[in-house]
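# Structural overview
Listed below, chain by chain, are the residues.
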Amino acid sequence: MPSFSKSQSIRTKQTPCVVKSLLNLVSSGQLYQAISSLHLLSRRGIRLPAQTLAYLLQQCANSKSLKLGKWVHLYLKLTGMKRPNTLLANNLINMYSNCGDFDSACKVFDKMSVRNLYSWNNMLSGYAKLGKIKPARKLFDQMTERDVVSWNTMVIAYAQSGFCEEALRFYRDFRELGIGYNAYSFAGLLKVCVKIKELELSRQAHGQVLVAGFLSNLVISSSILDAYAKCSEMGGARRLFYEMIVRDVLAWTTMVSGYAQLGDMEAAKELFDLMPNKNPVSWTSLIAGYARHGLGHEALELFTMMMELHYRPDQFTFSSCICACASIASLNHGKQIHGYLIRTNFRPNTIVVSSLIDMYSKCGWLNIGRLVFDLMGDKRDVVLWNTMISALAQHGRGEEAIQMFNDMIGLSMKPDGITMVVILNACSHSGLVHEGLRIFDSMTSCHGIVPSQEHYACLIDLLGRSGHFDKLINQLEKMPCKPNDQIWNALVGVCRIHGNIELGSKVAEKLIELKPQSSAAYVLLSSIYGALGRWELVEKVRHLMNERQIRKERALSWIEIENKVHSFTVTDRLHPLKEVIYLVLEQLAGHMEEEVSSPNCER
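First, a word on what this report is: a plain description of the structure on this page. Keep in mind it's a predicted model, so treat the numbers as computed, not measured. All residue numbers here refer to positions counted from 1 along the written sequence of the relevant chain. In keeping with the predicted nature of the model, local features appear solely for residues at pLDDT of at least 70, side-chain atom pairs appear and are counted solely at 80 or more, and the whole-chain, interface and lining totals rest on all residues. Think of the side-chain values as coming from all heavy atoms in the structure, minus any hydrogens and water.

### Re helix H25 (residues 398–410)
Note the following rule: Helix and strand assignments follow DSSP, with helices taken as H or I runs no shorter than four residues and strands as E runs no shorter than two, numbered in order from the N terminus. Multiplying one less than the number of residues by 1.5 Å gives the expected span of a helix. For the exposure calls, accessible area comes from a 1.4 Å probe over protein chains only, and a residue counts as buried if that area is under 20% of its type's maximum, exposed if over 50%, partly exposed in between. Regarding the arc, it is the one traced by the directions from the helix axis to the C-beta atoms. What makes two residues a contact is simply this: any of their non-hydrogen atoms within 4.5 Å.
An ideal rise of 1.5 Å per residue puts 18 Å on 13 residues; H25 measures up with 18 Å between its terminal C-alpha atoms. Turning to H25, its buried residues are Gly398, Ala401, Ile402, Met404, Phe405 and Met408. End-on, the buried residues of H25 take up no more than an arc of 160°, which puts them together on one face. Among the exposed residues of H25, those oriented more than 90 degrees off its buried face are Glu399 and Gly410. In this structure, the buried side of H25 is in contact with helix H23 (366–375), helix H24 (382–394), helix H26 (417–429) and helix H27 (433–447). A positive backbone phi angle near 65° is found at Ser412, which sits one or two residues after H25.

Have a look at this one:
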């Protein structure tokens, strides 16, 4: 496009007609055609008014059309406006920021001869959207004038980046200034409430929103609901929910999700059924709740209904359903979901692929789980490796797990804390003591991971299972922090395995002191006293359990027959085929007794 020289006359008489035709094109959705015509205008010496150009830049920003925005900027340069006025410069900054080209936005800002508050806020917002907290703070400190928008931007930026204490400090400083507030002033505060899950802070925020008169704002009210739900305060959330004049699908879904996360599936299902409009997120929230709390059958039934009603599942839906299949060991359902993903060319993310590996592993098809892992093209996510190593550990393939861990390191993948937990478990279950100790020692020296209580619990389990109680006690004494219930639980397990009565009784008493509602310690202590013949102490432990209303968790078994999963507990008499089942069990017991009494049978 030719340059717009000063000698050329500006045909201002033609401008009104041109502006009208351009605006007509934009209003009819033909932004590309409107901006494409700018090079013809520059050739004919027509310069558009600043307001019209600002409007075009705004449309480019709204549609995130960087290419078209750059064409408008080029038109400005060709028509003699290499240093646009403040209005146009602000719109250029906004356009570049919205389109993700923040470097260009910075260049425009740096070249501005006159900046107003809108210019500074525009740049501040750009840094905040990109999560560049330090540059945003530096710019904020340079501002000679700040308004509500400036402070709101900083509070929200800190909250979104996880700097919750700094966000709260900025919010308090801002409110103390007394310069006013708007609905956005509470957005950052409520985001902090959701992240840190502090009930008292959420109540205070609720009170401030109520006093400020913004409780009718649907977004703000839904954020308060979410804060209460994250704090497991569903009573307060429910009261606010029923006080809301308008409830959109987000508010309903927040309530359903809150109850589902808490495990109150009856209340979650009740609200879900009352929802006037549902979306995939609300369906997924309920499905995930069922899956998370061991109700795999209900989760899969709901998923079937969701599909029949033609709601489109997302990555989280599939992940939750596959986890439900794993929880009830339903290989058939898991294979059906996997087949659906393949048939519909659905591109699963790392979480879905990891769920598939876990499901196949728990259903006994470890080789298929390994195949799913191998076929995953992008293996840069540590979650994928953690899942596969964990699957190998569950099947007692410790050496293969270590090889996979080494392969992961060889690909320059950085292990995290969970990686170290699963690889230590793999060593423990396979009796690979020396390898486990070597990996534990490498955590800090090679990978920069500070061992947590969970890592020490894995180490205790590793040493205890192999009978190295002297080394185990030595590690306990060397721990930099006081052992928690995870450590004592690990000790309870290894004492049960090896029948270490003396240590087991001390550990069980310590665990009861720390976790009075945990059944494992009572059961172990009772069995230890029974082995010693101290039946009066056994009765005392049982009486204590009854007094504290503690029940031993009942083991559950599944078997899939003709595409239907049957679940059983010990002495289960509820199954419709119980007579047949117990008859077969009696026959099996009889065969075992015959084999034991046989003279050729070895003990």
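Back to the write-up after that little detour.
### Some remarks on the layout of surface pockets
This is how the line gets drawn: Using a grid of 1 Å spacing that covers the protein atoms alone, one calls a set of points a cavity when a 1.4 Å probe fits there but cannot get out, and a pocket when the set is open and has protein on both sides within 12 Å along at least five of seven lines; lining residues are those with an atom within 4 Å of a point. Grid points are joined across faces, edges and corners, and a volume is the space filled by probe spheres set on the points. Under the scheme applied here, ten amino acids are nonpolar (Ala, Val, Leu, Ile, Met, Phe, Trp, Tyr, Cys and Pro), four are charged (Asp, Glu, Lys and Arg), and all others, including Gly, are polar.
Each pocket or cavity is described by its volume, and for the largest pocket that value is around 680 Å³. Taken together, 26 residues line the largest pocket, and the ones lying closest to its centre are Asn152, Thr153, Ile156, Gln160 and Tyr184. Sorting the residues of the lining of the largest pocket by element identifies helix H6 (86–98), helix H8 (117–129), helix H10 (148–160), helix H12 (187–196) and helix H14 (218–230) as the ones contributing at least two each. Among the elements that make up the lining of the largest pocket, the one with the highest residue count is H8 (7 residues). A breakdown of the residues in the lining of the largest pocket according to their chemical character gives 11 nonpolar, 12 polar and 3 charged.

### What to know about the environment of Leu201
Here Leu201 is to be found in helix H13 (residues 199–212). Excluding residues that lie within four positions of it along the chain, Leu201 makes contacts with Leu168, Leu189, Val192, Cys193 and Ile196.

### Topic: the pattern of salt bridges
Going by this rule: Throughout this description, the term salt bridge denotes a Lys or Arg side-chain nitrogen within 4 Å of a carboxyl oxygen of Asp or Glu.
Under the defined criterion, the tally for this structure stands at 13 salt bridges. Ionic pairing is found between Lys269 and Asp273, a salt bridge with its closest N-O pair at 2.9 Å. Residue Lys269 and its partner Asp273 are located together in helix H17 (residues 265–274), separated by 4 residues, close to a single helical turn. Residue Lys269 is classed as partly exposed on the basis of its relative accessible area of 27%. Residue Arg380 is joined to Asp378 by a salt bridge in which the shortest nitrogen-to-oxygen separation is 2.8 Å. A relative accessible area of 37% means that Asp378 is categorised as partly exposed.

The analysis is restricted to geometry; functional conclusions fall outside its scope.
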